[in-house]
Amino acid sequence: MTKLSRRQFCMTGLALAGAAPLIAAAPASAQQLKGGTLRVAVLSELANFDPQQLSTVNFHVIKNLYDSLIEYTPDGKPQPSLATEWKIAPDKTSVSLTLRDGVTFHSGTPFKSDSVLATLQKGADPKRGKNVFSTMAIVKDWSAPDERTVVINFKAPAPERQILDLLQFLIPIEAKGIDTVETVPAGTGPYTLVSRAVGQGLTLKANPKHWREKQPIAQDLVFTVFSEDAAATAALESGAVDIVYNGSSRSAVRLKGAGYQVFAGPGPLVQVFRINSTRGPFRNKSFRQAFNYLIDRASILRVGYAGMGKVVALPWAPASPAFDDNYTKTYAYDLEKARKLITASGLSADEIKGWKLLVNGSDEASVAISQIVQGSLQKVGVPVELDMRQGAEYVTALLGGDFAATFGAVGNVQKFPSRVTTNSIYRTSGNPILRDPHPHPDYVAAIAKVDAATGGEAEVKAAYDNLNRVMVDEAFGIPTNSYDVGLIVASEKIGGITLDIDNLFIARTIGFK
Amino acid sequence: MTAYVLRRLAQMLPVLLIASFAIFAMIYAVPGGPVAVIAGENATAEEVAEVTRRFGFDRPMVVQYADWLGRALTGDFGLSLHSRQPVLQLIGERLPATLQLALCAIIVALVIGIPVAIASAVRPNSWLDRVLSGWSALALGVPTFWLGILLILLFAVELRWLPSASRYVPLWQAPLDAVRSLVLPALTLGVYVSGVLGRFLRASLIGEARADYVRTARAKGVPEKRIVGLHIMRNALLPFVTIVGLMMAHFIGGAVVTEAVFTYPGLGRLLIQAITTRDYPLIQGCILVILIAYMLINLAVDMLYAWIDPRIEYR
Amino acid sequence: MTETLAALGSLLRRLLARRGPALSLVFLTLVALAATFAGLLPLDPLAQSIADSLKPPSAESWFGTDELGRDILARVVYGARTSLITAFGAVLIAALVGIPVGLIAGFYGDWRDSLLMRCIDVLLALPNILFAMALIAVLGRSQGAALIAVGIAGIPGFARIARAQVMALRQLDFVMAVRSFGGRPGYIMVRTLLPNILSPLVVQAIVLASIAILLEAALAFLGVGVPPPTPSWGEMLRTGKSYLYEAPSYAVLPGLVLTLTILSFDTIGRALTAILDRDETDASGATIGGRR
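Note that the structure is predicted; figures quoted are calculated from it, not measured. (Residues numbered from 1 in each chain as written. Chains lettered and ligands numbered in written order. Predicted model: local features only at pLDDT ≥ 70, side-chain atom pairs only at ≥ 80, totals over all residues. Heavy atoms only, no water.)

Asks: Which residues make up the overall build of chain A, and what values go with them?
Replies: Assigned secondary structure in chain A consists of 14 helices and 21 strands. In summary, chain A has a C-alpha radius of gyration of 23 Å against a globular reference of 24 Å for 513 residues, a match within 12%. Structurally, chain A occupies a C-alpha span of about 70 × 55 × 40 Å along its principal axes. When the 54 positive and 49 negative side-chain charges of chain A are each reduced to one mean point, those points stand 2 Å apart. (Helix = DSSP H or I, 4+ residues; strand = E, 2+ residues; numbered from the N terminus. Rg over C-alpha atoms; globule rule 2.2 N^0.38 Å. Lys, Arg positive; Asp, Glu negative; His and termini not counted. Charge placed at Lys NZ, Arg CZ, Asp CG, Glu CD.)

Below is the structure:
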């Protein structure tokens, strides 16, 4: 059950999560790392090898089998990868890429512009584009003037960050391998596939022709699938594996105390108290706004996520360009302010109760934090019951918008801000909870303004500030805290861990001390 | 004998047919379907419709059942909706794990249960009997999940001798690893079964000891050891085999709680996971396998009966 | 009435004469009292205090605190309510369905017997924990659902015992006598047979109570029992298991109370069986009116 919940939760984050390892933050040069066999425990069976179907279930392999066009550092600065240069036209309607020379796919085929074109074509196809498809919405067409150059044209001027996100999300697949990419990986990455035992794990070995110098360090990479966090942790403690990837925050905290190394990447999820503003008392703005103050974020972070993460009042990770810490201070836990807003709503004592808080019963953290909110609500005179649903029943309710309020994590919070609309509660059209027409036109307009902000820094900043203000004001989603996904817990003999902007697992820089 | 076995096997078919339909019907009575899980919680309405159509959930229930049955009869139990792996393969991975745990638990139970039962049956109502009967009551009454937690606290958290979470390692591949993973769950489950066996075997031993033939043997001066060892044990063994068989059959699907405590990858937990995700083909497969195992073990027990007691004859 | 009371009194005296059952009875009385009058104690099972979470047992909180800083002792005391309500309701359901089924099957012994007993066999073949989980999936998580699921699992026990007893009694003289006087089947079953098989059924009720408490806790442990924040022993074990490293007593103490409760019911059940068995060998048989 734990497995299910984790997967569900991460599905939120997977929707369009891009991929880009950052250049190793120059691990202390004195550190001499040795190669060998790296044994990694993962908590999910991988779905397939298609990099355009990126999700937490294949977070551990994609960056090892493939490379993307560009990468981000943990604080969001673009870095060259398979594209050595990218020139955005002054009118922001096109980008020209120079491709790296001397790179070959695992099959031996040289990497040229044809594979980038084929990848773009797959991404733009509504049937095959999968998670990349919606990111391709800004793209008009593309061309390859020569083997080393690709030009992508946009439908309208696009913000620079949005263009970079697209490049970071594009992972070239070998043209002739595109039809079979789900079962046969076709990338340029530092490792090649040796074998896969479904349900148990897979084995990779170093790609001898990889273009990065002195990488990968470890010659062999073995992933073992564990169905439970506790089992993976036990394997690490007994020395059966060297690293646990994507385990729980609580285990990470405990293992850190026991002398293990813990690494948290810059691409967390943000837990959001989702409010169905089309129902009952939630139609009242003032009542919704009370929840900005009513939620004891610090306690939620502590109980639900062992204190790993940050309390937030907006759905952004610190790496996001729209991140603004001031909001967290302004909307701190304050029952008095919450009470005032409830009074100001003009709703009677009967009107404010009679709804249920939907809870994902399969997720331990959700059960605990929902009880915290229930306790706070009780204190301000709003007694509510918890509606516990397990697994499929919960997701069905979530997807159908069949709830008054519930906790659900959102992803893509470290990227271009309008990417948050890939999460159902923040969708601007076809929103399954709020329906059409969107009940918060100010929010829809604020997102459109962000998408249209192609001018200077001031214009972009103003668009972000506006979005932040509107989100807190409309208060249909109350972010509570960020928490880690793709946590890495490593034994002390491991060195050279590289963090990825999307918290994917990067093995090529890891070695033994 | 062969004819009897064949007849018994043939009788299983209609039962399985009815059961499979009943499971199908019940699956549809349960709220929440698999579509949302497959499509993902951020899916659009179009994606949901697409998934519904692709998996054929828009067809009438009877048509879906007929479709499933047609394939099942050719040995194709379909793919898991969630992991897209063949149902039989998923079950095939879990069944050995379940059997290994069940067998080890039964061995633990026999090792504890038989001496306890004999020692207390030799002198009923003695202080030893009372102590040992108390042990059986304790073994039966302590919830397996609490005992499991206590064992984890002692051996994994405090002493750090054994892992707190078990995984399945085939005994013949890495015996040492397998034993390390198996000790705690097998002990937890085994202690419970030893309570059942202890209580049951004691009662039937005492019952047999009062039987006429024992009195006759005693009167004839047959040594006591021989009476207990040969006559009483042999006759008490009969119902005993039944209990062991039933326990074994029960564990194929029913050891979920122990599996949950130790996060052991058994069939019961696979089924529960399948129910939570509404993985229809996997639910069907798991329950049918559990039923078949139940019936086969029952058959095996009946045949063992005949072997132990030649007076019993099957036709 | 007074006779029944006297019989009960004598039974109670004989129970108390043994150490095990006497201790069990005392413990169960304590649990029942705590559950009933929990409101009078200075204990709040819902008051959160996150700053004081996962504290070990101390003078202020004897059992320590849980992950939300709630008093575990308070939750154990209120959890007794959940357990006892489930046990009581489940026994009631099982008895109300199982006894009539057993009476009818045993009294007629014809096709009605075969039909009813096949249904009971089906119930027995399914591992009852899986059956209960399936039922809760249909009904949704609630106290009522847990109670019904556990109750249904108890039906076969009552049905089989009632049937076996009735089959042993129905050919006896006093039953035949009532029949020959023209007693209708319903009258015979309820007024003649039922009073005579009451004792084993009472024992069964007590045994079932221990099973019901165990099953309810197991369901809660698997995460499908009575939903939080209602305290439940099984749910506390489930959550406590996640905090074995931080707060070992969290899972241990509620488990201890749960185990003692189950053992107490079991001990009393077995002692009663022993007493009644001895009565059976002493007494010459049943009499009309059901008094022994």
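Asks: Which residues make up the overall build of chain B, and what values go with them?
Replies: Along chain B, the regular secondary structure elements total 13 helices and zero strands. Ordered by position in the sequence, the α and β elements of chain B form the string α-α-α-α-α-α-α-α-α-α-α-α-α. Projected onto its principal axes, the C-alpha positions of chain B cover 85 × 55 × 35 Å. Residues classed as buried in chain B amount to 53% of the 315 residues present. Sequence-distant contacts, at least 24 apart, represent 73% of the contacts inside chain B between residues at least 6 apart. Side chains of chain B give 26 positive and 19 negative charges; the mean places of these two sets differ by 13 Å. (Buried < 20%, exposed > 50% of the residue type's maximum accessible area, 1.4 Å probe, protein only. Contact = heavy atoms within 4.5 Å.)

Asks: Can you explain the interface of chain C and chain A? Please cite residues and give values.
Replies: At the junction of the two partners, chain C supplies 20 residues and chain A supplies 19 residues. Summing both partners gives a buried area of about 1,600 Å² for chain C against chain A, and 50% of it is carried by carbon and sulfur. Counting every contact that joins chain C to chain A gives one salt bridge. Two residues, R250 of chain A and E246 of chain C, come together in a salt bridge whose shortest N-O distance is 3.6 Å. (Buried area = accessible area lost by both parts, 1.4 Å probe. Salt bridge = Lys/Arg side-chain N within 4 Å of Asp/Glu carboxyl O.)

Asks: Break down the interface of chain C and chain B for me, citing the residues and quoting the values.
Replies: Contacts between chain C and chain B engage 28 residues on the former and 31 residues on the latter. Roughly 2,600 Å² of surface becomes buried between chain C and chain B when both sides are summed, with 81% attributable to carbon and sulfur atoms. In terms of surface lost to chain B, no three residues of chain C exceed L130, L244 and Y245 of chain C, which account for 19% of the buried area on that side. Here chain C is connected to chain B by one salt bridge. R199 of chain B is paired through a salt bridge with D266 of chain C; the nearest N and O atoms lie 3.1 Å apart. At the junction of chain C and chain B, the tally comes to four residue pairs in polar contact (both at pLDDT 80 or more). Elements with a contribution of two residues or more to the side of chain C that touches chain B: α5 (128-139), α9 (198-221), α10 (233-242) and α11 (248-282) of chain C. Sorting elements by how many residues they give to the side of chain C that touches chain B places α11 of chain C first, with eleven residues. Residue composition of the side of chain C that touches chain B, grouped by class: 23 nonpolar, two polar and three charged. (Polar contact = N/O pair within 3.5 Å; in protein donor to acceptor, adjacent residues only side chain to side chain. Nonpolar A, V, L, I, M, F, W, Y, C, P; charged D, E, K, R; others polar.)

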